[in-house]
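Each chain, letter by letter, is given below.
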Amino acid sequence: MAAAGWPGPGPIAVVGATGLVGEVLLGLLAEAGVPAGAVMALATEHSAGRTVSYGAEVVPVSALGEDTLGRAAVAFLATPNAVSARWAPWAAARGTLVIDKSSQWRLDAGVPLVVPEVNAHVLAPGVRLVATPNCSTIPLAMVLAVVRRHRELVRVLVSTYQAVSGSGREAVEELAAQVRAPYEGRAEPPPQIYSEPIAGNVLPACDAVGAAGFTGEEWKLMRETQKILDSPVPVVATAVRVPVAVGHSESVAIQCASPVTADEVRGWLDGAPGIRLADDPGQGLWPTPRRAAGTDDVWVGRIRSDPYAADTVHLFLSCDNLRKGAALNGLHILQAAIERGAISA
Ligand SMILES: NC(=O)c1ccc[n+]([C@@H]2O[C@H](COP(=O)([O-])OP(=O)(O)OC[C@H]3O[C@@H](n4cnc5c(N)ncnc54)[C@H](OP(=O)(O)O)[C@@H]3O)[C@@H](O)[C@H]2O)c1
């Protein structure tokens, strides 16, 4: 696809083109050589008539509707759940390959939930609706899949440090406004997206607390990881929002069924597809959101053997939540679908 541009059977629609994920996806499609004329940028009526950047060019934004989405051969839905609930089945039934970034369909038994480095094999040739996982799930699943090739997993404990861009454009603006306020001699604007100010703060719940005291974000991380790995391995999460613009990080403890060492895990992860080892603490080299932001890789470091349990290793990872955590994984799904004959290109 990168070399040939997009010789596919019809246009590629980016629905949510004015949002954070849509913006990154448009940039990735342009980088992949898809001509601007093969791309439809869709959003609400409110945004229709605007233009959005497409590499060095711009493309016009149109309103999402049957007349626009109905022409697409491929549709990336980078929109809220309600939009995906309505439009994904409609477009898929018309033969469009729908790659949905919302959480609407991820745990639906009939919808593959795909990280191509881990489970591209679940993309059947006739598939028309594919879900891309939560932005914290993707890097975690990629790391666990590598370890699982060598050791049976027994239990995973993960704490996240999630950037505000994971909550969309308005959340980034909220953090920026709160950070600027004291320097501009203004009162801090009241929080709209989060329940408390996020600037200078850490929120130990990314969204509402629900079943068993875990938040929806935590259940996504736990259940989606199990679905992608096709394993009931217990994954227990604490999802935390931090005042970082871009780049989710995670502290992960991996318990295996037999002894495992940090050196072994380092060796397995080194060179694994999509993973960049950054593990030289003596040189101050470890994953950070700032290192990961703008890159395509899952950065992994601080790999340590547990001093009290020979079957457990600890590590830290960072990943650009808008790229591999969202838009880039969607593009990888399209490329894997083409390779597996789900769509011609
Ligand atoms: N941000 C991340 O790191 C991340 C990672 C993984 C998954 N996701 C998921 O990806 C989706 C998009 O996230 P985002 O961060 O890009 O959000 P965002 O910045 O808030 O953008 C939302 C986009 O959806 C469009 N939209 C909203 N309602 C619509 C409607 N009724 N019809 C058509 N378009 C509509 C908006 O268009 P207007 O500008 O016209 O309102 C905008 O383009 C969400 O489901 C999110 O949960 C996000």
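Everything quoted here is computed from the prediction, not taken from an experiment. (Residues numbered from 1 in each chain as written. Predicted model: local features only at pLDDT ≥ 70, side-chain atom pairs only at ≥ 80, totals over all residues.)

Examining unusual backbone geometry
For step 1, the next point in the chain: Its identity as a non-glycine residue notwithstanding, A212 has a phi of 60°, on the positive side.
For step 2, the next point in the chain: Within the element layout of this structure, A212 appears in the loop between helix 6 (169–180) and helix 7 (216–229).
For step 3, the next point in the chain: If you check the backbone angles, D230 has positive phi at about 55° while not being a glycine.
For step 4, the next point in the chain: Within the element layout of this structure, D230 appears in the loop between helix 7 and strand 9 (235–238). (Helix = DSSP H or I, 4+ residues; strand = E, 2+ residues; numbered from the N terminus.)

Thoughts on the environment of L97
For step 1, the next point in the chain: With respect to the helices, strands and loops of the structure, L97 is situated in strand 6 (residues 97–100).
For step 2, the next point in the chain: A tally of 25 C-beta atoms within 10 Å means that L97 is categorised as buried.
For step 3, the next point in the chain: Spatially, the C-alpha atoms of L97 and I343 are 7.5 Å apart, while their sequence positions differ by 246 residues.
For step 4, the next point in the chain: Apart from the residues lying within four places of it in its own chain, the contact partners of L97 are A73, V74, R128, A337, A342 and I343. (Buried ≥ 20, exposed ≤ 12 C-beta atoms within 10 Å, placed from the backbone. Contact = placed C-beta atoms within 7 Å.)

Things to note about helix 1 (residues 20–31)
For step 1, the next point in the chain: With twelve residues, helix 1 ought to run about 16 Å at 1.5 Å a step, and its terminal C-alpha atoms sit 17 Å apart, in line with that.
For step 2, the next point in the chain: All of the buried residues in helix 1 are L20, V21, G22, E23, V24, L25, L26 and L29.
For step 3, the next point in the chain: Once helix 1 ends, the next one or two residues include G33, with phi positive near 90°. (Expected span 1.5 Å × (residues − 1).)

Function cannot be read off these values alone, since they describe shape.
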